[in-house]
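Listed here are the chains, written in short residue letters.
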Amino acid sequence: MLGRILVLCGIFAILPTLLKGHAANMDITLGPGDNRTGYDSTDFESRSISLLQRTGEAADLLSVLKSPPLGLPAIPVPPDNPVTAEKVQLGRKLFFDRRLSLNETMSCGMCHIPEQGFTNNELATAVGIEGRTVRRNAPTIYNVAYFSNIFHDGRDTRLEYQIWQPMLATNEMANPSIGYVIEKIRRQPDYTGLFEDAFGGRGPGIETIGMAIAAYERTLVSGNSPFDRWYFGKDEAALDDAAKQGFRLFIGKAGCSGCHTIQKKFALFTDDAFHNTGLGWQASVGGDSSEVQVQLAPGIKVSVPRNVINSVGEPPLSDLGRYEVTQVPADRWRYKTPILRNIALTAPYMHNGSFGTLKEVVEFYNRGGVPNPLLDPLIRPLELTDSEIRHIVAFLESLTGDNVKTLVRDAFAAPIGDRR
Amino acid sequence: MGASRNTIYEIAIVSMVTIFSLVSLSAWANETGLPHDMVKITGQEDFVYVWTLGVEGIGDEQDKLVTVGVNPDSSQYGKVVHSVSVGGRNEAHHMGFTFDRRYLWCATLDTSKIFVFDIHSDPARPKLVETISDFVAQSGGVVGPHTIMPMKDRMLITGLSNNRDHGGRSALVEYTADGKYVATYWMPTDDNLQGAAKTGKYADGYSYDIRAMPRMDVMFTSSFTGWSNYMMDFGKMLKDEQAMKRFGNTFVVWSLSERMPRKIFDMPGAPLEIRCAINPAHDYAFTITALTSKIWLVYRDQQGEWQAKDVADIGDPAKVPLPPAFTISSDDRLLWATTFLEGKVRAFDISDPFHPSQVYVKQIGSQVNMVSSSWDSKRLYFTSSILSKWDKKGSDNEQFIKSFEWDGKALKERFVIDFTREKLGRPHEMKFGAYALYKP
C-alpha cells in the first residue's frame, strides 16, 4: 500500500514537468480553431480543433529586447517605462482579462486573438461590448513596438496612452471612467501586489496600467522570416523562386515598397504614413450595389437585396480616416500603411477588412485602387499578370516570423480573467 | 448559492413527487418543448413569463422577466401583471424550469449570467432569488448559456461560444438543480470526436439547442454561431464574408446517460431548435436550419440507427425567410414554424414526418421569432425579438407578444401587448405558469 502511495506521489510530483514538456512540444495551429478555408465550396470539410488543445507555456519574452530578430531594428523602449519581466507578466494578464470591460465580456484579447495573428480572422470589422459596431478592422499587435502612429488613423502616439481608448470607448470596452477601471483592478484579489512588485511599490493607476500593457505589447516582436534569412541573412535557400520574383516585383514594377518601405539593415514594410487607396472614399460616397452576395452554408450563396440588408442593419458609421485627427480636408479617407510582417496570419485585410485573401489585396492594387479625387498618386493600375500576382503573394507569405508559435503559446499560458 | 437557498431547493426536490400527484397529467400531451416526463399545465395557463431584453432609451433599459396574464377568466387577461428587472443588458434569451417547475432559470447570451426566479411562491410575481454570475469561469470558458434542460436534479445547459475567441466552438455544461457546477462536455470536433461517428464532412464543435428522449437514452444538440455573430448588427454581419462562414452545420446525437456524443450529422445552415415527437411510438425529432430554411427529420431506421434527412423547405430558401423557432402539436400532427424576416408563421402537416406539407400560413407582424403552444394546441403565443442586434430597424421593429386561438382552421388574434409602448423592451422566450401547479 505504501509503495502505491509513493508511486502516486511520484507521479503527481513530476506531473507539472510532464505537462510543461507536453505544452512546450505541442504544435500550435495558427488561425481560427475552426478553419473555414474553402467554405465557398460544397466540398468544404471542417477542421475544427478542440479548445482543450489551446494550452501553452510562458516564454522568455524579454529576449527580443536584448537581441532583436533578423530584419528588425532595436526595439524602441521609452526611458520612463523600461520593460521588465514583472511588467510584461502583469501586462499580459491585463491584456486577457475580460473583467476590464463594463459588463466583463471584453478584453484586449477578444479582438486581438493570439492564434489569429493577434487580430480577428473571423470578422471584417470588430464587434465591441453588447455587440456594438466598431468601424474598423482590429489591427495586429505584432511589432506594434516600432510605431508612434497608433490606430488606423494614427490618433495616438504611445502604447502607454493607447490602451485607454478601447477601455473607455462606448463601443469597445465601455468602462465609465479611468477611476472605475483602477478601482476595479484594485479590488481583484488576484492582482494583489502585482502592480506594486512591477512598479516599485506603485499600485494600479492611470500610468501603471498603461505601462504594464505597453510592456507586454512591446515584446510581441516577430522577424527572422524566410525573407529576412534570404535578404538580410544572405541564405539563398531560405526563399523559393516564386517569393524572390515576388520581391523583385514588390520593389519594382508593382511599386509596393513606395509605401511598404525597406531600409538597408531592416524592413518594417511601412512608411508609418497615411494614404488614400479609395476604399474609404468608396464606403463613404461611392454608393452601394443593389444586392449583396450572402454565404448561407458551405457552397450555398444567395443574392440578398440591399433593402433587406438595410432593414436589419443600422446605418453605416461615417469614417473619414486620418482627417478625423487632423481636420485637414486632404486627409480624408487616408489610412495608415500597415506593416506587412506576419501578413499571412492577419486576414482579413485593409482598414475595413474588405478583402479576405492576399490575392484579393494585390488584385485591388493592380486595378489601381478606387479612383477618387484624393487618390494617392502612388496608386495606379499596375498591369501585373496573374503569374506576377501569385509571385507577390508568395513573397508576402514569406514574411511570417519564426517565433510566432512561441508568442502564441506564451499567450495561451496567460490566465483569462473572468468573474469568479 | 447560500445555505438557505440550498435548503429551499432540497425542500423543492423532495416535494417533487407530491406535485406529480397533484397535477393532472396527460400522458404525452405537453407544452411546447418541455421534457416529456416533466409536470405539465394541462388546463388553462394563467401566465406567460416573457424573458425580455432591455433596450437603451426605453424604460429602465434593463433585461427583465415580464409576467403576462393570459387566463381569459382573469381581470388581468392580456395585461402585464408584473415585471422584475435584473440589472444590465445581458442579451436575455432562453429559459428553463427546474424539473419540479418551482424555479425558472433565465439565461443570457452576452454576460452569461443565469438569473434564477422563484415562480411557485407567487406564480404571478416571480421573485429573483439567485444569480449565477460565474458561469464562464466555472465551466472552463463556456460563453452564452442558451437552452436549459432539466434532468431530475440536474440542469443541462448548452453554451454558444467561448472566452478564447468568441467563436462558435462551445460545450454542454451540467449544473445541479440547486445551482452547483458539475461538469463541462465540449462538443465533438474533428480532432477530438470523443468516439462519435462523423457521418459527413463536418464536426465543427458548435452548439445551440438540446432535447432528450430518455426512453431511448438519447439526447440531441444543434449548432448556431458564436458571440461575435449573435451579438453583431445583423446587417453588418450579412455583409461580412468572414463572419458568414462562422455558422454551425452539425447536429449531434448523444448518449444521455453517459453524456457522450455518438453520431454527428451534417446539417448545413445552422440547425437551431429541436423538438422531439411526443408519442412514444414515434422515434424521431425535428430541427430547422435557420439560414437554409429546411426542416430536418432525425429518426431511427429499421436497424435502430439514428439517421437525418431534410424533408421540406420553409418558404423560398433563396429569399432567406430565416425560420428561427418552431413547435409541434401534442399529437405530433402539426409543426408551427415562424419566419423572422417575413414575420409569418406556417403550419405543416407532419402526420407523415418524412413528407411535411404546408397547410396554413399567417402574417403575425413585421417580424416574429418565438412561438409557444399550450398543451392542448388551442392557444399559440408569439414574440417578436430574435436578438438585440438582429431585430429589424425603424418602423418594422415591432416588439410584441401576441396571443392567438387555433380552431383547427385559422388563427384568431386574442390580444396584443406592445412591449415598446409599455416601456419594457424586446420580448424573447416564453414559458407558461399556472396556479394549479402549486395548489395542495
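Just so it is clear, the structure is predicted and the values come from calculations on it, not from any experiment. Think of each chain on its own: its residues are numbered from 1, step by step along the sequence as written. Labels follow written order: the first chain is A, the first ligand is 1, and so on. Confidence filtering applies because this is a predicted model: local features only for residues at pLDDT of at least 70, side-chain atom pairs given and counted only at 80 or more, and all residues used for totals across whole chains, interfaces and linings.

## What to know about the overall build of chain A
Strands are runs of DSSP state E lasting at least 2 residues, helices are runs of H or I lasting at least 4, and numbering of each runs from the N terminus. Scanning chain A for helices and strands turns up 16 helices and six strands. On C-alpha atoms alone, chain A measures out to a radius of gyration of 23 Å, which is about the 22 Å that the 2.2 N^0.38 rule sets for 420 residues. Viewed in the frame of its principal axes, chain A has a C-alpha envelope of about 75 × 55 × 50 Å. Looking at chain A alone, contacts between residues at least 24 apart form 70% of all its contacts between residues at least 6 apart. The reference for a compact globule is 2.2 Å times residues^0.38; the radius of gyration itself is calculated from the C-alpha atoms. What counts as a contact is two residues whose backbone-derived C-beta atoms lie within 7 Å of each other.

## Re the overall build of chain B
Broken down by element type, chain B carries five helices and 29 strands. Its C-alpha radius of gyration of 20 Å places chain B within 12% of the 22 Å reference for a compact globule of 440 residues. For the C-alpha atoms alone, the extent of chain B along its principal axes is close to 55 × 50 × 45 Å. Backbone-placed C-beta atoms define the burial measure: a residue is buried with 20 or more other C-beta atoms within 10 Å of its own, exposed with 12 or fewer, and partly exposed in between. Looking at chain B as a whole, 61% of its 440 residues qualify as buried. The long-range fraction of contacts in chain B, counting pairs at least 24 apart against all pairs at least 6 apart in sequence, stands at 53%.

## Concerning the confidence of the model for chain A
For every residue, the predictor assigns a confidence score, pLDDT, that lies between 0 and 100. Predicted confidence across chain A gives a mean pLDDT of 93, with 94% of residues reaching 70 or more. Ignoring residues within four places in sequence, the model shows residues 1-25 of chain A, a span with pLDDT below 50, making five contacts including any to other chains.

## Side note on the interface of chain B and chain A
For an interface, size is often stated in terms of accessible area lost upon the parts coming together. Each side of the interface is counted separately: chain B has 57 residues, and chain A has 53 residues. Sorting the residues of the side of chain B that touches chain A by element identifies helix 3 (135-139) and helix 5 (234-239) of chain B as the ones contributing at least two each. The element that contributes the greatest number of residues to the side of chain B that touches chain A is helix 5 of chain B, accounting for five residues. Amino acids are sorted into nonpolar (Ala, Val, Leu, Ile, Met, Phe, Trp, Tyr, Cys and Pro), charged (Asp, Glu, Lys and Arg) and polar (every other residue, Gly among them). Of the residues assigned to the side of chain B that touches chain A, the class counts are 17 nonpolar, 19 polar and 21 charged.

## Section: the packing of helix 14 (residues 358-366) of chain A against helix 15 (residues 386-397) of chain A
Residue and element names in this part refer to chain A. In this analysis, axes come from line fits to C-alpha atoms, helices being fitted only over the stretch in contact, and the angle between any two N-to-C directions falls in the range 0 to 180 degrees. Axis separation between helix 14 and helix 15 bottoms out at 9 Å; the angle between their running directions is 125 degrees. As far as their axial angle goes, helix 15 and helix 14 are oblique. Relative to helix 15, the crossing made by helix 14 is right-handed. For the pair formed by helix 14 and helix 15, the contact residues are Leu-358, Lys-359, Val-362, Glu-363 and Asn-366 on the first element and Ile-389, Ile-392, Val-393 and Leu-396 on the second. Every angle not falling under 35 degrees, over 145, or within 65 to 115 is termed oblique; those three ranges are roughly parallel, roughly antiparallel and roughly perpendicular. For a crossing to be left-handed, the near helix must be turned anticlockwise from the far one by less than a right angle; the clockwise case is right-handed.

## Let's talk about the sheet that holds strand 15 (residues 250-255) of chain B
Sheet strands line up and pair through hydrogen bonds in the backbone, either parallel or antiparallel. Residue and element names in this part refer to chain B. Reading across the sheet, the five strands line up as 12-16-15-14-13 and stay open at both edges, with mixed pairing between neighbours. Two strands in the sheet have a free side with no partner beyond their single neighbour: strand 12 (197-198) and strand 13 (210-213). As paired elements, strand 13 and strand 14 (residues 218-221) share four bridges and run antiparallel to each other. What sits directly across from Met-213, in strand 14, is Val-218. Paired strands, as defined in this entry, are two strands with at least two bridges between them according to DSSP.

## Digging into the domain arrangement of chain A
Residue and element names in this part refer to chain A. Throughout, the edges of the domains are those of an automatic or database domain assignment. By the assigned domains, chain A splits into domain 1 (63-222 + 403-412) and domain 2 (226-281 + 326-397). One C-alpha centre belongs to domain 1, the other to domain 2, and the line joining them spans 27 Å. On the side of domain 2, 24 residues touch domain 1, which itself brings 24 residues to the contact. Partitioned by chemical class, the residues of the side of domain 1 that touches domain 2 number ten nonpolar, twelve polar and two charged.

## Let's talk about the confidence of the model for chain B
Residues and elements named next belong to chain B. On average, residues of chain B score 92 in pLDDT, and 93% of them reach the 70 mark or higher. A low-confidence stretch, residues 1-30 (pLDDT under 50), is modelled with 47 contacts involving residues beyond four sequence positions or located in other chains. Scored as a complex, the prediction yields pTM 0.93 and ipTM 0.93.

## Looking at the nonpolar core
Looking at soluble globular proteins, one finds that nonpolar side chains tend to be buried together. For our purposes the nonpolar core covers buried Ala, Val, Leu, Ile, Met, Phe, Trp, Tyr and Cys residues that link as a set through C-beta atoms within 7 Å. Of all hydrophobic cores here, the largest spans 190 residues; its most connected members are Val48(B), Trp105(B) and Cys106(B). The element contributing the most residues to this core is helix 8 (residues 206-218) of chain A, with seven residues.

## Details of unusual backbone geometry
Geometrically, the link from Ala347(A) to Pro348(A) is a cis peptide bond, its omega value of -5 degrees lying close to zero. The residue Ser112(B) is not glycine, and still its phi comes out positive at about 65 degrees.

## Remarks on the sheet that holds strand 4 (residues 92-97) of chain B
Residues and elements named next belong to chain B. Sheet architecture is open: four strands sit in the order 4-5-6-7, paired in antiparallel fashion. Every interior strand has two partners, whereas the edge strands, strand 4 and strand 7 (127-132), have only one. Along the sheet, successive strands turn relative to each other by an average axial angle of 25 degrees, direction set aside. As judged from the five bridges shared by strand 5 (residues 103-108) and strand 6 (residues 114-118), these two strands associate in the antiparallel manner. In the sheet register, Trp-105 faces strand 6, and the bridge partner there is Val-116.

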